[in-house]
Structures are given as C-alpha cells and as structure tokens.
Amino acid sequence: MKKIRLITLMAIFAFLLTNLQAQDHKSAITVNAGFSLVGGLFDLPDAGNTTGDVSSYSLPAIQVGYDYFILNWFSVGAAGSFQFMGVDYDNYVDENGETVNGTLDIVRSNFAARALFHYFNKGRLDMYSGVRLGLTNWAISDDLSNESYDYNSVVSSTGTNFAPQLILYGLRGYITENIGLNAELAVGAPHFFSAGLNYRF
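Residues numbered from 1 in each chain as written. Predicted model: local features only at pLDDT ≥ 70, side-chain atom pairs only at ≥ 80, totals over all residues. Heavy atoms only, no water.

**Quick look at the overall build of the protein chain**
For the protein chain, the count of helices and strands is 1 helix and 9 strands. Reading the helices (α) and strands (β) of the protein chain from amino to carboxyl end gives α-β-β-β-β-β-β-β-β-β. Long-range contacts, defined as pairs at least 24 residues apart, comprise 66% of the intrachain contacts of the protein chain with a sequence gap of at least 6. For the protein chain, the exposed area adds up to about 11200 Å²; of that, 66% sits on carbon and sulfur atoms. (Helix = DSSP H or I, 4+ residues; strand = E, 2+ residues; numbered from the N terminus. Contact = heavy atoms within 4.5 Å. Areas by Shrake-Rupley, 256 points an atom, 1.4 Å probe, with all protein chains shown as cover.)

**As for a negative patch on the surface**
Residues Asp-53, Asp-88, Asp-90, Asp-142, Asp-143 and Glu-147 make up a contiguous surface patch of negative charge. Relative to the helices and strands, Asp-143 resides in the loop between strand E6 (125-142) and strand E7 (159-174). You can call Asp-143 exposed: its relative accessible area is 53%. (Patch = residues over 30% accessible without salt bridge, like charges linked within 9 Å, V, L, I, M, F, W, Y side chains within 5 Å. Salt bridge = Lys/Arg side-chain N within 4 Å of Asp/Glu carboxyl O. Lys, Arg positive; Asp, Glu negative; His and termini not counted. Charge placed at Lys NZ, Arg CZ, Asp CG, Glu CD. Buried < 20%, exposed > 50% of the residue type's maximum accessible area, 1.4 Å probe, protein only.)

**Quick look at unusual backbone geometry**
Here the amide bond leading from Ala-189 into Pro-190 is cis, since omega sits at 10°, within 30 degrees of zero. Relative to the helices and strands, Pro-190 resides in the loop between strand E8 (179-188) and strand E9 (193-200). Its identity is not glycine, yet Asn-91 carries a phi of approximately 50°, on the positive side. Position of Asn-91 among the secondary structure elements: in strand E4 (residues 74-93).

**Let's talk about the pattern of salt bridges**
Between side chains of opposite charge, a pair can form as their charged atoms come close. All chains considered together, the criterion is met by 5 salt bridges. One salt bridge connects Glu-184 with Arg-114, and the closest N-O pair in it is separated by 3.0 Å. Taken together, the residues span a long stretch of sequence, with Glu-184 in strand E8 and Arg-114 in strand E5 (residues 99-122) at a distance of 70 residues. For Arg-114, a relative accessible area of 7% corresponds to the buried category. The shortest N-O distance in the salt bridge between Glu-177 and Arg-200 comes to 3.6 Å. Taken together, the positions of Glu-177 in the loop between E7 and E8 and Arg-200 in strand E9 put the pair 23 residues apart, joining distant regions of the chain.

**Observations regarding the nonpolar core**
Val-87, Tyr-89, Tyr-92, Val-100, Leu-104, Leu-144 and Tyr-149 form the largest nonpolar core, which has 7 residues in total. Elements with a minimum of two residues in this core: E4 and E5. In terms of residue count, E4 provides more of this core than any other element does, 3 residues in total. (Core = buried A, V, L, I, M, F, W, Y, C linked by side-chain atoms within 4.5 Å.)

**A short note on empty space enclosed by the protein**
A water-sized probe, rolled over the atoms, reveals where empty space remains. Summed over the entire model, instances satisfying the criterion amount to 1 cavity of 30 Å³ or more. Looking at the largest cavity, its volume works out to about 90 Å³. Forming the boundary of the largest cavity are 14 residues, of which Thr-30, Asn-32, Arg-114, Arg-132 and Glu-184 lie nearest the centre. Elements supplying a minimum of two residues to the lining of the largest cavity: strand E1 (27-35), strand E3 (61-71), E4, E6 and E8. With 3 residues, the top contributor of residues to the lining of the largest cavity is E3. (1 Å grid on protein atoms, 1.4 Å probe; cavity = no way out; pocket = protein on both sides within 12 Å on 5 of 7 lines; lining within 4 Å. Points joined across faces, edges and corners; volume = space filled by probe spheres on them.)

**Observations concerning the confidence of the model for the protein chain**
Mean pLDDT over the protein chain works out to 83, with 77% of the residues at or above the 70 mark. Contacts of residues 16-22 to residues separated by more than four positions or lying in other chains number 7 contacts, the stretch itself having pLDDT below 50. (pLDDT = per-residue confidence, 0-100.)

Dropping the structure here:
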C-alpha cells in the first residue's frame, strides 16, 4: 500500500514538473472588445404615452487582461474593462409633464481577478474555462435641462457592485509564436462574448 502511494505521488510530481518545464510562455496579455446585454440594463421611458424622442446608445466594452501561468494548465491574472453608453432626450415629456432635453452619459467600469483552467494548451492553441471575481462601478453624468429627472428610470443600479463571472469557454489561437486571436463566452459582467488580440511571452 505504501509503495502504491509513493508511486502515485511520484507520478503526480512528474506530471506537474513536466507541465511546468513544457511551458515556454509564462504570461499572456489580451486586448479585446466585449459585448453585453446592456439592453436589459436600460428601462427607457415609454414614449408612446408622451411626446418627443428618447434613444439609447452603447459601445462594446474595451478590455485589457493579464494572465500568469503557474502551470501549463492553470493561470491567474487580472482584467479591467470600460464601457460607454447613454441616453439622448429630444423634447421628451416625462410622466410628470416635465420636458427633458440633453444627454445622460453612463460609464461602466469593471476590475477583477481571474483564475483559468487550461484543458488544452499546446503549440499555437489554448482552450480554457475559469472564473472572474471583481467589482463593477456605474458612473453617471448629464447635461439634462430638467435637473429633477429621476435617473432610476434609466439605470436601476448605480455605484459599485460585486460582479462575478463564469468563463464558459475561451480560445486563443496564435498566428505567430507570440501574437494571436482570442474569443470568450461567459455568463456575468462585464460581457457574454468578447473577441480580440493577445500576446504571450
């Protein structure tokens, strides 16, 4: 029994050592654009019962991440993202009969730590899943003509909130030894799909 335990421990140690030695690149930097369900974040007033126009806009989240490979199959890192969105009012009359003109600008920023499990990381292909834990902050500014307009009718959550994310599937494919493309599918903030470039060294 002791021999079996010893052989098992030696096999695990050899596996970890082999994977550690086989890792040619210890770090990866990613820059990408993330797409989120921001439509669900907005509860635009119903213009059907009022006059004037209300329109919203949303840009993809710009993201930067860094991952450090502790082992060939496990990395830890940090990521940050910024997303700009807003609402434009043109002679909109709210439910109180007040006229609103101007723009409501919203910036969503997210900073997080993440851990990735790489189940295939060989040559120029890297496939992974993982978890991202961080904070999302909502910052609002405006030049609205009606100072009493209620922001809660547009954004239901402001300030800083806990933002977990489950990374269901990630893929990095390298065009050269160091430069590649990446894509991720995820559940939670700040995106459900992202794509971009990465550099490993």
